[in-house]
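Secondary and tertiary structure notes
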Amino acid sequence: MGQTDEPEGQRALGVLTMEKFSRIEFLAAIASTHVRDGENVFGGTGLPLLAALLAKETHAPNINLISEAGFIDARPVEVPLSVADTRYYYGSSASIGLIETLGFILQGGRIDVGFLGAAQIDEYGNLNTSYIGTYDNPKVKLPGSGGGNDIASSAKRLIIIMTHDKRKFVKKLDYMTSPGHLQGPGSREEWSFVGGGPEVVITDMCQMDFDPETLRIRLKSVHPGYTAQDVLDNVMFDLIVPDDIPTTPLPTAEQIEIMHRLDPKGIYLGKGNE
Amino acid sequence: MGQTDEPEGQRALGVLTMEKFSRIEFLAAIASTHVRDGENVFGGTGLPLLAALLAKETHAPNINLISEAGFIDARPVEVPLSVADTRYYYGSSASIGLIETLGFILQGGRIDVGFLGAAQIDEYGNLNTSYIGTYDNPKVKLPGSGGGNDIASSAKRLIIIMTHDKRKFVKKLDYMTSPGHLQGPGSREEWSFVGGGPEVVITDMCQMDFDPETLRIRLKSVHPGYTAQDVLDNVMFDLIVPDDIPTTPLPTAEQIEIMHRLDPKGIYLGKGNE
Amino acid sequence: MTEPEIEDKRITLAEAAKEVPDGSTLFWGGFGYQRPPIAFSAELARQKKRNLNICTCGSEVDIEIMAGSGVASRFEIAFAAIEALGLSYNMRRRVVEKKIQVEDYSNLAMAMRFLGGALNVPFMPIRSLMATDLERLSRFRDDKKLKVIDCPFTGKKITLVPSLQPDFSIVHVQRIDKSGNAQIDGIVGEDIEGSRCGKKLIVLAEEVIDEKEIRHRPDQTKIPAMYVDHVVITPFGSHPMQVHGYYDYDLEHLMMFHKLTQTEDGWQEYFEHYIMGVEDHFAYLDKVGWDRLMSLRAREPWGY
Amino acid sequence: MTEPEIEDKRITLAEAAKEVPDGSTLFWGGFGYQRPPIAFSAELARQKKRNLNICTCGSEVDIEIMAGSGVASRFEIAFAAIEALGLSYNMRRRVVEKKIQVEDYSNLAMAMRFLGGALNVPFMPIRSLMATDLERLSRFRDDKKLKVIDCPFTGKKITLVPSLQPDFSIVHVQRIDKSGNAQIDGIVGEDIEGSRCGKKLIVLAEEVIDEKEIRHRPDQTKIPAMYVDHVVITPFGSHPMQVHGYYDYDLEHLMMFHKLTQTEDGWQEYFEHYIMGVEDHFAYLDKVGWDRLMSLRAREPWGY
């Protein structure tokens, strides 16, 4: 919980209407590259889990995958549907509870990298997973923070995964659920957050990181078939665009194959590829 | 820990120099009568445990005996030497830890009665288990609070057991470890203590309770062979002495027999009776 | 030795739900797909309870039942969705209709509020919520939602979340003896703190075990009987979700539930058929079908 | 699947003690007679460590060794005695000699300070200590000993105790795998919080078990490997105290120890014979005698 994605979540993550499996594969493959070997990783269900497991199967065999429900060093052999899914249990080294994972481990400063999705993001990487519309008259009630606010507050690094829809990349959030870089340099320090804030935003159009001077979002790479202009046309804030924008490398065949091995029933990847 | 008795504790509680077993039996038998059936009882090792077990074997079979180390509803078949002694484990219904017993249960307001010993007591039932002498130049370092301060703060009722030595019944404590009725009426309320404070003080000379008006110590009964004057001669504070002072009833043969069954090795009762 | 009497705290699910007056505040146990007390939410709906305030980190089908049926009008929670399946539509509709007010916290904040309640202290410090709308906006707790203070030791900012001591705690566990000593396998989520923080505790369990079993391995007891007011034996009490070591989630039923709740009509159809249309929990299980239920039973060594 | 490497964190007791610089602050595990890391205290003495600050609820023989030998000069504790046997004489002498400073707390206060440290928040609220000399007097923490504040929610007085994040946490457990996943049977005392609050964690264990055993029942893991820096296998590491399910206390040795410590000469005799006069923990066990040790082994179903 907390890593559940955007309001139309089932498009990206649901099991019901899974048409764009190749985009999911792409997102998971890119996200996996941001996980480093030996790290303590907060993996929820869905894309974060798939990305973390893919990393573990490829370049980062020694990551410690933690689910906020209480599972530590989890090695699921079937993809779980819930952070509390028993599928996380078997093969884990400890199965405890929330005070352990969100309190001792996460707030204790021991999580290297956490994943979050969001319905809206602003140019400092602040996230909304709570309401669309005003707080007094919401148009849509989203899942809420779950552990998201805790993860954004206390994980050393934050990887944000979102489907790319212009309305999500906003100048001002309808509601700020999770802290990114707040109002820019010095903001997080003012509140003594345990964690370092967002490092990268991965969409199905591009990767974005944060300009170290201003802590504002900056284009990092565009996916094959897209240009920097495509991205600029699809955000509502002032995106920093450096001169040279590389193209994001494609997932390898091995990565695709491993992902389908991890999700044989196509729970997350969809069944179209079978 | 915390229920360990006075500095010369081994006279009353130790296993090394156990000569006055009949006084121990007397103290335990009287203390047991203050435990009511069905209560949640914080029993440490030593006299409190013996008293609680005796109560359970006689008039209070449904008490729930809790050791601060983590044992709940303990039913030891041999007398333990430590609050953490494995002898408390077998037959208990739960064995957890300190946050559970001192936090959730005791501070949670669920302990009906706790037992404490002390090296000094003042006329409001405040207790010293820390230092004899001044804080800056102590003559004797006593065990300290252990869980004593917590028990005195949060148990609904407190039973105090002490060997009767005039120097222990003082006008002013050398150090106040555990709160009794503090400075009298209204004092505990001012600090919002969870528990109600001391109810009775049992010594090998008499029983004392607290005058409801002033919350000062009052003579309740004298043990056979002693008079009210004996007690007055053996306290250094102004003891309230009502007109009629009953004599404390003697332990029954059944109580003595049960205690020896509970402590067949004479760990607490001594071996003189064998 | 005088044998203590063993109190039998078992009552029926209907009796347990009757204990809960309208307007009560409830700690709600389980986490995600694991051990939610779904049978209890359905019974609350059948008894037409109203104006409950449900406090939990997050829950899923049970929250949907209580939101959709009008049992609960307030929630103090961190999360409502069916996770991988998507949004919780009943909650979404009721919030937009303003029939439900949600006071938003994070998971850690809620877990700490239960811990504070269990410890009987008025607040707990946490390092989340700060600088966000979770800190700035409140639906109904107003200035009792939280406080950000300057730490008297470090001088730095820290959040204090108010402890919760709800009228009832409701949890669902694997095994219990009749006096209330309960064992939980797998993760505990927030149920240790949650079971201690309520003024009364009702424990649902998959099965009853003998007290001897409890006293043989007391360090396996996760909830001692002294906290427990009522015991309710409810096999498959978390269906269509899962109970570690006992049964897996019923994905087909869950997807059907989720799909139906996309519309008010669909939800009403489910509600009439599976909740109001059955007399009690066992009638619900009959309707689901025992062949289906048996096929969900957990297999070794997986626990699902 | 790329197999992860399993890190072998095992080092010797001597190596582990060498990691602890003079002047370090240590969380000290075990409670009462149960699972105290006595072997570690003896090794610290053999290595002539100085000026350690020992933080624990209370401990007994191990505290006496560290007080008597001059290893520790400060204690933040609630209790020092040998419980049923009586006072801790070494501690008593060293305090009167002013070679040791004790900052006094209650057991709950210390447990909450470790919990606060594990949670990485600066303080925890408790409802003890107030209105006593535990609140009013401080030996060395001064205004960082505790604060009594008016609760911002209720307006009533509440104590805040400062969290502890010591340089090292030292605990002794029953079983561990070589990467550090540890199981504890019986009570946990304050070792859950204590093992999480230190900047480094050294776990002593009675025996090593295979990682497969850990991963077969992960809900039995009390300390996950991710917290653990070093593993030290020390059978009979709590002698003359007890380890639940493994061995009982050695009452004869314990009484001899307690009697000797009544005088400085007696303590020095014990110190020279059983601590400085042996090369390491196994030489100590040899000196105690394996016939004695074997006779202490726990019997079913008692665990002692």
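What follows deals with the overall build of chain A. Summing up its helical and strand segments, chain A has 8 helices and 13 strands in all. A globule of 274 residues ought to have a C-alpha radius of gyration of about 19 Å, and chain A, at 17 Å, matches this closely. Projected onto its principal axes, the C-alpha positions of chain A cover 45 × 40 × 35 Å. Here the contacts in chain A between residues at least 6 apart in sequence split such that 66% fall between residues at least 24 apart. Accessible area of chain A: about 8,300 Å², with a carbon and sulfur share of 51%. Counting 24 positive and 36 negative side-chain charges, chain A places the centres of these two groups 2 Å from one another.

So, about the sheet that holds strand β13 (residues 217-222) of chain A. All names here are of chain A. One open sheet accounts for 7 strands, arranged β2-β1-β5-β10-β11-β12-β13; its pairing is mixed. The sheet is open, and its two borders are formed by β2 (64-66) and β13, each paired with just one other strand. The mean angle between the axes of side-by-side strands here comes to 20 degrees, regardless of whether they run parallel or antiparallel. Sheet strands touched by helix α3 (residues 47-57): β1 (40-42), β2, β5 (113-116) and β10 (157-161). Its angle to β2, the strand with the most contacts, is close to 165 degrees.

Right, let's get into the pairing of strand β11 (residues 198-202) of chain A. Residues and elements named next belong to chain A. Most of β11 sits out of view: 4 of its 5 residues are buried. Bridging between β10 and β11 involves 4 bridges; their strand directions are parallel. Looking at the pairing, Ile161 lines up with Ile202 of β11. With 3 bridges joining them, β11 and strand β12 (residues 206-210) adopt antiparallel strand pairing. Pairing of Val200 across the sheet is with Asp209, part of β12. What sits between β11 and β12 in their antiparallel hairpin is a turn of 3 residues.

A separate point is the sheet that holds strand β5 (residues 113-116) of chain B. Residue and element names in this part refer to chain B. Pairing is mixed in the open sheet, where 7 strands are placed in the order β2-β1-β5-β10-β11-β12-β13. Here the strands that pair on one side only, and so sit at the sheet edges, are β2 (64-66) and β13 (217-222). Averaged over all pairs of adjacent strands, the angle between strand axes in this sheet comes to 20 degrees, irrespective of strand direction. For strand β1 (residues 40-42) and β2, the ladder comprises 3 bridges, and the chain directions are parallel.

Attention now moves to the interface of chain D and chain B. Counting residues at the interface gives 66 residues for chain D, matched by 64 residues for chain B. Interface area for chain D against chain B, summed over the two sides, is near 5,500 Å², with a carbon-plus-sulfur share of 61%. Joining chain D to chain B, the criterion identifies 1 salt bridge. The residue B:Arg87 makes a salt bridge to D:Asp248 at a minimum N-O spacing of 2.4 Å. Viewed at the interface, chain B and chain D are joined by 31 residue pairs in polar contact (both at pLDDT 80 or more). For the side of chain D that touches chain B, the elements supplying multiple residues, two or more each, are β5 (79-80), α4 (89-96), β6 (101-104), α5 (107-119), α6 (133-136) and α9 (251-260) of chain D. If you tally residues by element for the side of chain D that touches chain B, the top one is α5(D), at 6 residues.

The next subject is the interface of chain B and chain C. If you look at the interface, chain B gives 28 residues, while chain C gives 25 residues. Buried surface at the junction of chain B and chain C, both sides included, amounts to about 2,200 Å², of which 52% is carbon and sulfur. The interface formed by chain B and chain C contains 2 salt bridges. Salt-bridge contacts for C:Arg196 lead to B:Glu100; the nearest nitrogen and oxygen are separated by 2.9 Å. For the pair chain B and chain C, the number of links is 12 residue pairs in polar contact (both at pLDDT 80 or more). Only α3 (47-57), β2, β4 (94-95) and α4 (98-107) of chain B provide two or more residues apiece to the side of chain B that touches chain C. Examining the composition of the side of chain B that touches chain C, we find that 6 residues originate from one element, α4(B), more than from any other.

All names here are of chain D. Within the secondary structure, Pro301 is located in the segment after α12 (290-295). Among the residues examined, Pro301 registers a relative accessible area of 32% and is labelled partly exposed. Between the C-alpha atom of Pro301 and that of Val278, which follows or precedes it by 23 residues, the distance is 35 Å.

Before going further, it helps to spend a moment on the domain arrangement of chain A. All names here are of chain A. Taken domain by domain, chain A holds domain 1 (14-111 + 249-274) and domain 2 (113-242). Inter-centroid distance (C-alpha atoms) of domain 1 to domain 2 is 21 Å. Listed per partner, the contact involves 22 residues of domain 1 and 24 residues of domain 2. At the boundary of domain 1 and domain 2, one finds 3 salt bridges. A salt bridge links Glu39 to Arg157; the nearest nitrogen and oxygen atoms lie 2.4 Å apart. At the junction of domain 1 with domain 2, the criterion picks out 9 residue pairs in polar contact (both at pLDDT 80 or more). Among the elements that line the side of domain 1 that touches domain 2, the one with the most residues is helix α2 (residues 21-33), at 5 residues. Of the residues that constitute the side of domain 1 that touches domain 2, the class distribution is 14 nonpolar, 4 polar and 4 charged.

Conventions used here
- Residues numbered from 1 in each chain as written.
- Chains lettered and ligands numbered in written order.
- Predicted model: local features only at pLDDT ≥ 70, side-chain atom pairs only at ≥ 80, totals over all residues.
- Heavy atoms only, no water.
- Helix = DSSP H or I, 4+ residues; strand = E, 2+ residues; numbered from the N terminus.
- Rg over C-alpha atoms; globule rule 2.2 N^0.38 Å.
- Contact = heavy atoms within 4.5 Å.
- Areas by Shrake-Rupley, 256 points an atom, 1.4 Å probe, with all protein chains shown as cover.
- Lys, Arg positive; Asp, Glu negative; His and termini not counted.
- Charge placed at Lys NZ, Arg CZ, Asp CG, Glu CD.
- Pairing = 2+ DSSP bridges.
- Axes fitted to C-alpha atoms, helices over the stretch in contact; angles between N-to-C directions.
- Buried < 20%, exposed > 50% of the residue type's maximum accessible area, 1.4 Å probe, protein only.
- Buried area = accessible area lost by both parts, 1.4 Å probe.
- Salt bridge = Lys/Arg side-chain N within 4 Å of Asp/Glu carboxyl O.
- Polar contact = N/O pair within 3.5 Å; in protein donor to acceptor, adjacent residues only side chain to side chain.
- Domains from an automatic or database assignment.
- Nonpolar A, V, L, I, M, F, W, Y, C, P; charged D, E, K, R; others polar.

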